[in-house]
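# Architecture at a glance
What follows is each chain in one-letter form.
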Amino acid sequence: QLQAFGGGSVQAGGSLRLSCVVSGSIGSIKSLGWYRQAPGKQRELVATITSGGSTKYADSVRGRFTISRDNAKNTVYLQMNSLKPEDTAVYYCRLDRNTIRGTVDVYWGQGTLVTVSS
């Protein structure tokens, strides 16, 4: 189970930190990530972090957002700085888990709304 929180309303230039807590039987995590979906748009990747700590960012957020994880707390974070109105979206956390069959299971959190006003 994934539970995301930390969304809210902020003015342009402000900061927010999202958290996503992973609970239950986790197994072998391949990666954790944050995705977002703005009104009328498709869900898109924001940032991911692998079990080895490698990170990937969308071009639109690179240099402003930072993804990190605390393995002891089973939590993944997204620090968002210098927020822009175009960052307004529902943010979802996602867990990719390796299976013994060699496939990858994908789990989604419930989403948390981020609104950035100009």
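The model shown is predicted, which means the values in this text are computed figures rather than measured ones.

### Notes on the packing of aromatic side chains
All chains considered together, the criterion is met by two aromatic pairs. Taken together, a centroid distance of 5.2 Å and an interplanar angle of 75° make the contact between Tyr35 and Trp108 edge-to-face. Highlighted residues: Tyr35 in strand β4 (residues 28–37) and Trp108 in strand β10 (residues 104–108), separated in sequence by 73 residues. A residue is classified by how much of its surface remains accessible, and Tyr35, at 13% relative accessible area, is buried. When its relative accessible area of 35% is taken as the criterion, Trp108 is described as partly exposed. With a centroid separation of 6.4 Å and an interplanar angle of 90°, the aromatic rings of Tyr92 and Trp108 are classed as edge-to-face. On the criterion of sequence distance, the pair formed by Tyr92 in strand β9 (residues 89–98) and Trp108 in strand β10 is long-range, its members being 16 residues apart. Through pairs of rings, three or more aromatic residues link up here, namely Tyr35, Tyr92 and Trp108. For the cation-ring pair, Arg43 lies above Trp108, with the distance from its terminal atom to the ring centre recorded as 4.5 Å.

### Comments concerning unusual backbone geometry
Phi at Asn74 is positive, roughly 50°, even though this residue is not glycine. Structurally, Asn74 is set in the loop between β7 (65–70) and β8 (75–80). With relative accessibility at 33%, the residue Asn74 sits in the partly exposed group. A positive phi angle, close to 50°, is found at Ser82, a residue other than glycine.

### Remarks on the state of the cysteines
In protein structure, a disulfide is the covalent linkage between the sulfur atoms of two cysteines. On inspection of all chains with the given rule, the structure shows one disulfide. With its sulfur 2.1 Å from that of its partner, Cys20 forms a disulfide with Cys93. Looking down the S-S bond of the Cys20 and Cys93 bridge, the torsion is 50°, so its handedness is right-handed. Residue Cys20 is located in strand β3 (residues 16–22), and its partner Cys93 is located in strand β9; the two are separated by 73 residues in the primary sequence.

### What about the environment of Lys30?
Secondary-structure assignment places Lys30 in strand β4. For Lys30, a relative accessible area of 42% gives the class partly exposed. Discounting chain neighbours no more than four positions away, the residues touching Lys30 are Thr50, Ser51, Asp96, Arg97, Asn98 and Val104.

### Considering the sheet that holds β7
What the four strands build is an open sheet, ordered β1-β3-β8-β7; its pairing is antiparallel. Strand pairing shows two members of the sheet lacking a second neighbour, β1 (2–5) and β7, which therefore form its edges. Across the sheet, the axes of successive neighbouring strands diverge by a mean angle of 15°, strand direction being ignored. Across six bridges, β7 lies against β8 in antiparallel orientation. Considered in β8, the bridge of Ile67 is made with Leu78.

Scoring rules and cut-offs
- Residues numbered from 1 in each chain as written.
- Predicted model: local features only at pLDDT ≥ 70, side-chain atom pairs only at ≥ 80, totals over all residues.
- Heavy atoms only, no water.
- Phe/Tyr/Trp six-rings, centres within 6.5 Å; stacked < 30°, edge-to-face > 60°.
- Helix = DSSP H or I, 4+ residues; strand = E, 2+ residues; numbered from the N terminus.
- Buried < 20%, exposed > 50% of the residue type's maximum accessible area, 1.4 Å probe, protein only.
- Lys NZ or Arg CZ within 6 Å of the ring centre and 35° of its normal.
- Disulfide = S-S within 2.5 Å.
- Contact = heavy atoms within 4.5 Å.
- Pairing = 2+ DSSP bridges.
- Axes fitted to C-alpha atoms, helices over the stretch in contact; angles between N-to-C directions.

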